[in-house]
Amino acid sequence: MNLRHLLLLCSALWLAGCATTTTPNSTAPATRTSAASHIPQGPLTPLNSKNARSSQVASLAAPADLWERIRRGFAMPDLEQDLVQNHEQWYSSRPDYIQRMTERSSKYLFHIVEELERRDMPTELALLPYIESAFNPQAVSSAKAAGMWQFMPATGTYFDLKQNAFRDDRRDVLASTRAALDYLQKLHGMFGDWHLALAAYNWGEGSVGRAIKRNQALGLGTSYAELNMPAETRNYVPKLQAVKNIIARPETFSTELPLIENHPYFQAVDLNRDIDIALAAKLADVREEDFRALNPSLHKPVILAAGTPQILLPWDNANIFRRNLDAYDKGQFASWTVWVLPRTMSTADAAQRVGMSEYDLRNVNNIPPRMLIKSGSALMVPRTSAMDADVSGQVADTARIAFAPEVVTRRSTVKARKGDTIISLARRYNISSSEVVSWNDLRANTALRAGQSLVVYLPVRMSAAAAPSGGGSSKSAPTKAAPRNTGKSTVAQKGGTPSKRKR
């Protein structure tokens, strides 16, 4: 065989090998599928975190606005009840209320939606502050729940929301949102159902848990609609469902939603020095009321950088603030500082020590009348050359102000005179006749004998030197308080997260 024939034979064998396919029973590796079949056609857009983890096909079109983005993230089962329709009618019949509420939310919604998507949580939860506070970060309930997400003091502390003389993180946009989503995730993990998690957010996890156990013991269902609960909690999820339905189909309810762009409203800007709120707003070129709307946790006229190392500013104003802060050369940044009282003293004495009028000291520190200021209390006072350093982190994070009454009551025994009645004796000592009756276990029409001993609690004015020092309740006194028979007792709960609301 010559060389030409040999080359032709090798070529034929090579071509035959390339055409061979692998049979199903073959142990040889399967041939690679063409990569071209997996390349999508047209422009690519990034997936958000939720779509990246889901098995659904993500839309290539970006949401037109934030409302559309929220609709795409709805993931909770719909609740269909007459209560939902009642709340739909209530909201849709108040277009001015919806307009105010949604316009107020435009500052905060983008951040909340971002956090929900990052955690793979239903975006319906971004609507919850509409139910809780109408998106008012300064809202305070009758039970002392505060902020957009309405945290009770104890629950806020549990979720590391600091509450002291200078700030209340229950109102802070970033901190309260983080805490609320942490809490909702915790509740969903406990109950495995978003409706029950929301009921627990409103009513308390212990209350929901006990309601479930009662139904289980009776052989009843344990869904949200089947549990026996207070009227407020019974209406809580239907209210959220009603708002969800209006956001999903505003045209059905003849509602016009304000445009909220799918873009961050604010930026966080670092602070490395104490600064007056008025100056910070001026350097950012925003109105002070708008500055406070984004930084609602601040109690006082100054921002203490050690406790609040970041402020929020409208997106376009953040760079303006940085530029103006770097160029500022017109004196001190903070005209206020903190003075920790070395001993208990009166407001007049404290005001004299720091060079303020008593009125101004009371006003800036919310000092009530007829109260002594306890040792260790932290007061906001004018900054001077003698107190020119920024406030330390320890003081900024733990500052408290405590009071002791200038006048307290002391148990005394008095003698009834001839002809005395309960009314005449009470009038003599400037106390009420009902108190005399209560303190001595008498009837209102009891006749008094001359020389009869009676117990009364009479006021005694305290001096600053005699007042108790240190922290504690503002109602503390050196003597036993006059007894009050309320017929009620308080039992502390053990374990678990404190209830969000005090029932």
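Residues numbered from 1 in each chain as written. Predicted model: local features only at pLDDT ≥ 70, side-chain atom pairs only at ≥ 80, totals over all residues. Heavy atoms only, no water.

Draft legend 1. Expanded view of helix 20 (residues 433–440). Every buried residue of helix 20 is accounted for by Val436, Val437, Trp439 and Asn440. Directly beyond the C-terminal end of helix 20, a positive phi value near 55° is found at Asp441. (Buried < 20%, exposed > 50% of the residue type's maximum accessible area, 1.4 Å probe, protein only. Helix = DSSP H or I, 4+ residues; strand = E, 2+ residues; numbered from the N terminus.)

Draft legend 2. Molecular detail of the side chain of Gln267. Residue position: Gln267 is located in strand 1 (residues 266–270). A relative accessible area of 16% means that Gln267 is categorised as buried. Here the side chain of Gln267 touches Trp315 through a polar contact of 3.0 Å, landing on its backbone oxygen. Discounting residues that sit within four places of it in the chain, Gln267 has contacts with Ile311, Leu312, Leu313, Trp315, Ala318 and Arg322. (Polar contact = N/O pair within 3.5 Å; in protein donor to acceptor, adjacent residues only side chain to side chain. Contact = heavy atoms within 4.5 Å.)

Draft legend 3. Region of interest: unusual backbone geometry. Non-glycine residue Phe135 carries a positive phi angle of around 60°. Summarising the element assignment, Phe135 is placed in the loop between helix 7 (128–132) and helix 8 (153–158). Look at Phe135 and you get buried, because its relative accessible area is 0%. One non-glycine residue with positive phi stands out, namely Asp160, at about 60°. Summarising the element assignment, Asp160 is placed in the loop between helix 8 and helix 9 (173–191).

Draft legend 4. How the structure looks around the pattern of salt bridges. The final tally for this structure, using the stated rule, is 22 salt bridges. Here Arg167 makes a salt bridge to Asp169, at a shortest N to O gap of 3.1 Å. Judged by relative accessible area, Arg167 falls into the buried class, the value being 7%. Here Arg287 ties to Glu289 by a salt bridge, and the two come within 3.6 Å at their closest N and O atoms. Judged by its relative accessible area of 53%, Glu289 falls in the exposed class. (Salt bridge = Lys/Arg side-chain N within 4 Å of Asp/Glu carboxyl O.)

Draft legend 5. Representation of the sheet that holds strand 7 (residues 371–373) in the model. On the basis of which strands lie adjacent, the open sheet formed by three strands has the order 6-7-9 and antiparallel pairing. What marks the edges here is a single partner per strand, and that holds for strand 6 (345–346) and strand 9 (403–405). For strand 7 and strand 9, the ladder comprises three bridges, and the chain directions are antiparallel. Across the sheet, the residue bridging to Leu372 is Ala404, located in strand 9. (Pairing = 2+ DSSP bridges.)

Everything listed here is a matter of geometry and, on its own, says nothing about what the molecule does.
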